[in-house]
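# Report on the structure
Listed below, chain by chain, are the residues.
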Amino acid sequence: MKLFVSEGNPHCLKVLAALELTAVKCDVQYVNHEDKVVQFLSHPALPAVLLPNGQQLFSANAICRYLFEVSGQNCNDHCNQWLEWEVTVLQPALLRALRTAVLQGKGSDVSQILQSPLNFLDQSLLKGSKPYLTGEAVSVADVVLWATLHPILSDSSFTIGEHPSVKAWFDQVAAVHSCQSAVQKVLQGKGLQAMKSYMQRQPAPPNSQCRDAQPCNNNPAESEERQHSVSEEECEEAALTWSKGLSSCPATDKQHPILPQEGKRNVLVTSALPYVNNVPHLGNIIGCVLSADVFSRYGRLRGWNMLFVCGTDEYGTATENKAREEGLTPQQICDKYHAVHSSIYSWFQIDFDFFGRTTTEKQTEIAQNIFWRLHEHGYLVEDTVEQLRCENCQRFLADRFVEGTCPHCSYPEARGDQCDKCGRLINAVELRDPQCKVCRQTPVIRSSKHLFLDLPKLESQLEQWLEKSTSTGDWTTNAKQITHSWIRDGLKPRCITRDLHWGTPVPHPDFKEKVFYVWFDAPIGYLSITANYTNEWEKWWKNPQQVELYNFMAKDNVPFHSVVFPCSLLGAQDNYTLVNHLVATEYLNYEDTKFSKSRGIGVFGDMAKDTGIPSDVWRFYLLYVRPEGQDSAFSWADMAMKNNSELLNNLGNFINRAGMFVTKFFEGCVPVMELQREDKELLAVVGWELQQYIQLMDKVKIRDALKHILNISRHGNQYIQVNQPWKKIKGEESERLRAGTVTGVAVNIACLLSVMLSPYMPLVSQTIRDQLNAPQSCIYTMLQGGGTFVCSLSAGHRIGTVSPLFQKLEAEQIEALKKRFGGQQAPLQSTSSTPAAAPVAAIKVAAVEGGHSEKAEQLAKALAEQGDKVRALKAQKAEKDVIAAEVSKLLELKTQLAVAEGKNPEPTSKKGKKK
Ligand SMILES: Nc1ncnc2c1ncn2[C@@H]1O[C@H](COP(=O)(O)OC(=O)[C@@H](N)CCS)[C@@H](O)[C@H]1O
């Protein structure tokens, strides 16, 4: 066996380390970077190994794996997964980092490029709590990842943030003698500079940002770079794929009820169930239903057997309050707002297979069944709780409906769960002078017996399941982190009953006046909604062997889906399907503030349709700014800009031009195409973008995948611009032929774009296919496997009538919309004659708005947001220091507001405040 390596080649480091570590017998030959060791490749590929049977390996990871296997150390699934991650995420990022550092001298960019993969590695090592990646001993995965990271992590001139687990692991592997010796051989003690000559010979890497969790770089210059690095083989392969044309597709019409099928990928998709007591805002829409819809549509196009369910979450205090506010019964509120939700989602083209609700008999039946199973297996415990009860309102008060004087700092407006002044957590019964926030009467303390889900008893089962689910499924990083922090802090029993009327009744005779807590009840809604769709619901929900479950939500919902609900199902011991892929977004904010249902801040689902902007454009923009990895913001000005630049000038312009050339220059029929090198390069680049799109969509990176669609139309526009078919069509025969080829390739790219757009902009996608008269099978063919870009509109194909797809959004129009819709939520027409009571927070804001300056208004807003932030952090059980820092900002804002309102910044007496 012979191994060929070159000095200064970073890929050779891992191979030499693996060779020494495994002690496999092998001749090592040093060659130049340009030497073509593997004859049948058009470009030099090093390292390479010549095996005893004459075959060659020329992927560094494959060589390492081979060496370990020969020495009897096989790579298990976990190890394979790390190798996969290294090659698809870490290595592209590292090469980019090396490129910027070594060739462009921009060492400061390295940290940003590597932040996301290093965070991921750090978290995984922390969670795995083993010295090495796959266990107690060094594996091929450790060698490969260590070698990739070595050039950067061993150079102290880079500051790349704190990754304590990575550091400990890296130092351990670096201390292995074989690794040190490999470093010496490859870098010759010259550090990064040893790699300069190798790096200079490498083509610019593809836009690898889009492969990991970082925001996608949408820079056309980088796409151009990718085009220049296409090899001869890639061109030929792309042309061969293209020439295969369409394959016939199986029937894709949905047959209800959709049930799991043998031999199919059966995918059950749930979107979090939005609360029925209000109109959903844009944050709710992107956080759950729209994201789930895009993934379900994509899955269907891929030929997976998908079922997508959702519905309204209808029980709980919030509904009771809304009913009181609107002078309706809770049931009337549910009926009214369920219809409002349905109509909003249908306008947004959310293609549920079933949109149900939680106030149904099936819900009672299934929730009570799970309850009894938990009871039977000893996972419920009783405890007595002291609560505040308002005799005037005749109900126990949830924490957020009581206010009083803080027992710690005497602040008179402390809430039932915390004091906004001193930041301490409060038990509502400890408040001095408590008041019911609805009627302002003084509540009394009553003891009440409740049932608790014994989470500590279920903890080990939960951890075992989590280990498997998070390592085999696609859980977003925030979902893993939030879950991890809950487990880290230790699980406590959780109360699952409430002294309310509006809820699923607790069936136990000792608790017959009580109902289930909404967060025990709501996720059971997924099951009952499916049961209302089909009697055979258990084929989805008691079938983990055959079904893969995706849950879509935003970060605040995570612990209920990753800890509490799985514990309910595990404890019930009925072979329930548990979540395999927990997909949580961060938050979408509104301009520079937070969406707020109670204060009516932001754009709400019902307003969107009144703007006159098509629902596909709303979908596009929300998906373009989908809070993947970090919070993002809806901005009117940005929406107009993205519409005008990306949809109109880029995507729409390309598709329209391609179609118009066919219409104008070729009488509506796709011309003959004779592919040249330049066309094949484009096919390869477009094929590569398609593959990236599929890889990202498979991993539910919806926002990043969208950027690849836009890259394709950018490539297409550039191709048209360079080739100028409108000029060539007037030239000689060969030029006219060239105009035909360019037009034919372009219109086929337009067809591909319609397929890729389908999950995002269903109407626009269908309109493009109608305009191109494209065969239905194009969708099926192009999304098969890892993505195949074929010629679907062959020469002679007659297209339909082409017309523009998008309209410009003018600055004045957007300003007017912002004024009209950008502030407060318009009240929905109430069906009762009683005027709707304004929520408490809204009254406070209104008071400030009425009497004081704009500054006070801004501060009031900021204060409310900061209050939300503090509460969210507490709910997420964030670190104490983090909470304390945010509480001190909150207090500072409070003082500033008091000053802006001309008041004494010290807390005023409650009596004075009320006046
Ligand atoms: N600002 C936001 N950005 C993204 N996603 C958000 C935002 N605010 C909330 N959400 C998510 O929306 C859905 C629905 O939220 P809602 O408060 O109406 O309902 C619930 O949280 C529960 N009824 C869910 C029971 S399964 C949710 O996923 C939020 O995380």
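Since we're looking at a predicted model, the values are computed, not measured.

### Description of the site of the ligand
- With respect to spatial proximity, 22 residues lie near the ligand, and among them Leu273, Tyr275, Asp313, Asp556 and Asn557 are the closest.
- Contacts to the ligand include Leu273, whose backbone N or O atom sits 2.7 Å from a nitrogen atom.
- One of the side-chain nitrogen or oxygen atoms of Asn284 is found 3.1 Å away from an oxygen atom of the ligand.
- When the ligand is considered free in solution it has 630 Å² of accessible area, and contact with the protein chains removes 93% of it.
- When residues of the shell around the ligand are traced back to their parent elements, those giving at least two are helix H11 (282-301) and strand E17 (547-554).
- By residue number, the principal contributor to the shell around the ligand is H11, which donates four residues.
- Looking at the shell around the ligand, its residues break down into twelve nonpolar, six polar and four charged.

### Focus: the packing of aromatic side chains
- One pass over the structure, following the stated rule, counts 32 aromatic pairs.
- Seen from their ring centres, Trp82 and Trp85 are 5.4 Å apart, and the 85° between their planes marks the pair as edge-to-face. One end of the pair, Trp82, and the other, Trp85, are both in helix H3 (residues 77-103), three residues apart, so they sit about a helical turn from each other.
- For Trp82, a relative accessible area of 8% corresponds to the buried category.
- We classify Trp85 as buried; its relative accessible area is 11%.

### Quick word on the sheet that holds strand E11 (residues 414-415)
- With antiparallel pairing, three strands are arranged side by side in an open sheet as E11-E10-E12. Edge positions in the open sheet fall to E11 and strand E12 (432-436), since each of these has one partner strand only.
- As judged from the two bridges shared by strand E10 (residues 402-405) and E11, these two strands associate in the antiparallel manner. Looking at E11, one finds that Gly404 is bridged to Ala414.

### Section: helix H12 (residues 317-326)
- Among the ten residues of H12, seven are classified as buried, and the element is accordingly described as predominantly covered.
- Within H12 the residues assigned to the buried category are Thr317, Thr319, Glu320, Asn321, Lys322, Ala323 and Glu326.
- Buried-residue contacts for H12 involve helix H13 (330-347) and strand E9 (395-396).
- In the segment just after H12, Gly327 is the residue with positive phi, at about 65°.

### Some words on the sheet that holds strand E2 (residues 27-30)
- Taken together, the four strands give an open sheet; going across it, the order is E2-E1-E3-E4, and neighbouring strands pair in mixed fashion. Unpaired on one side and paired on the other, E2 and strand E4 (56-57) mark the two borders of the sheet.
- Sheet analysis places strand E1 (residues 2-5) next to strand E3 (residues 48-50), joined by three bridges and oriented antiparallel. Bridged to Leu3 within E3 is Val49.
- Taken strand by strand, helix H1 (residues 10-22) contacts E1 and E2, and its axis lies near 150° from that of E1.

### Thoughts on the environment of Trp537
- In this fold, Trp537 is placed in the loop between helix H18 (524-533) and helix H19 (538-541).
- By relative accessible area, which is 10% here, Trp537 ends up buried.
- Sequence separation of Trp537 and Leu259 is 278 residues, and the distance between their C-alpha atoms is 8.2 Å.
- Apart from residues lying up to four places away in sequence, Trp537 is in contact with Ile366, Leu527, Thr530, Ala531 and Lys542.

### Concerning the nonpolar core
- Grouped together as the largest cluster of nonpolar side chains are 184 residues, with contacts concentrated most on Phe295, Ile370, Trp618, Phe634, Trp636, Tyr693 and Tyr760.
- At twelve residues, helix H27 (residues 733-757) tops the list of elements feeding residues into this core.
- Not counting the four nearest positions on each side in its chain, Phe295 is found in contact with Val267, Val269, Trp304, Met306, Tyr550, Phe552, Met697, Asp698 and Val700.
- Core analysis: the next-biggest nonpolar cluster, separate from the first, contains 65 residues, Ala18, Trp82, Leu133 and Met195 among them.

### So, the pattern of salt bridges
- Following the criterion strictly, the structure yields 40 salt bridges and no others.
- One salt bridge connects Glu236 with Lys680, and the closest N-O pair in it is separated by 3.5 Å. With Glu236 in helix H10 (residues 232-244) and Lys680 in helix H24 (residues 677-698), the pair connects residues that are 444 residues apart, well separated along the chain.
- Accessibility expressed as a relative area gives 38% for Glu236, which makes it partly exposed.
- What emerges from the salt-bridge pattern is a single network uniting Lys254, Arg300, Asp351 and Asp353.

The rules behind the values
Residues numbered from 1 in each chain as written. Predicted model: local features only at pLDDT ≥ 70, side-chain atom pairs only at ≥ 80, totals over all residues. Heavy atoms only, no water. Near = heavy atom within 4 Å. Polar contact = N/O pair within 3.5 Å; in protein donor to acceptor, adjacent residues only side chain to side chain. Areas by Shrake-Rupley, 256 points an atom, 1.4 Å probe, with all protein chains shown as cover. Helix = DSSP H or I, 4+ residues; strand = E, 2+ residues; numbered from the N terminus. Nonpolar A, V, L, I, M, F, W, Y, C, P; charged D, E, K, R; others polar. Phe/Tyr/Trp six-rings, centres within 6.5 Å; stacked < 30°, edge-to-face > 60°. Buried < 20%, exposed > 50% of the residue type's maximum accessible area, 1.4 Å probe, protein only. Pairing = 2+ DSSP bridges. Contact = heavy atoms within 4.5 Å. Axes fitted to C-alpha atoms, helices over the stretch in contact; angles between N-to-C directions. Core = buried A, V, L, I, M, F, W, Y, C linked by side-chain atoms within 4.5 Å. Salt bridge = Lys/Arg side-chain N within 4 Å of Asp/Glu carboxyl O.

Take it as geometry only, folks, not as evidence of what the structure does.
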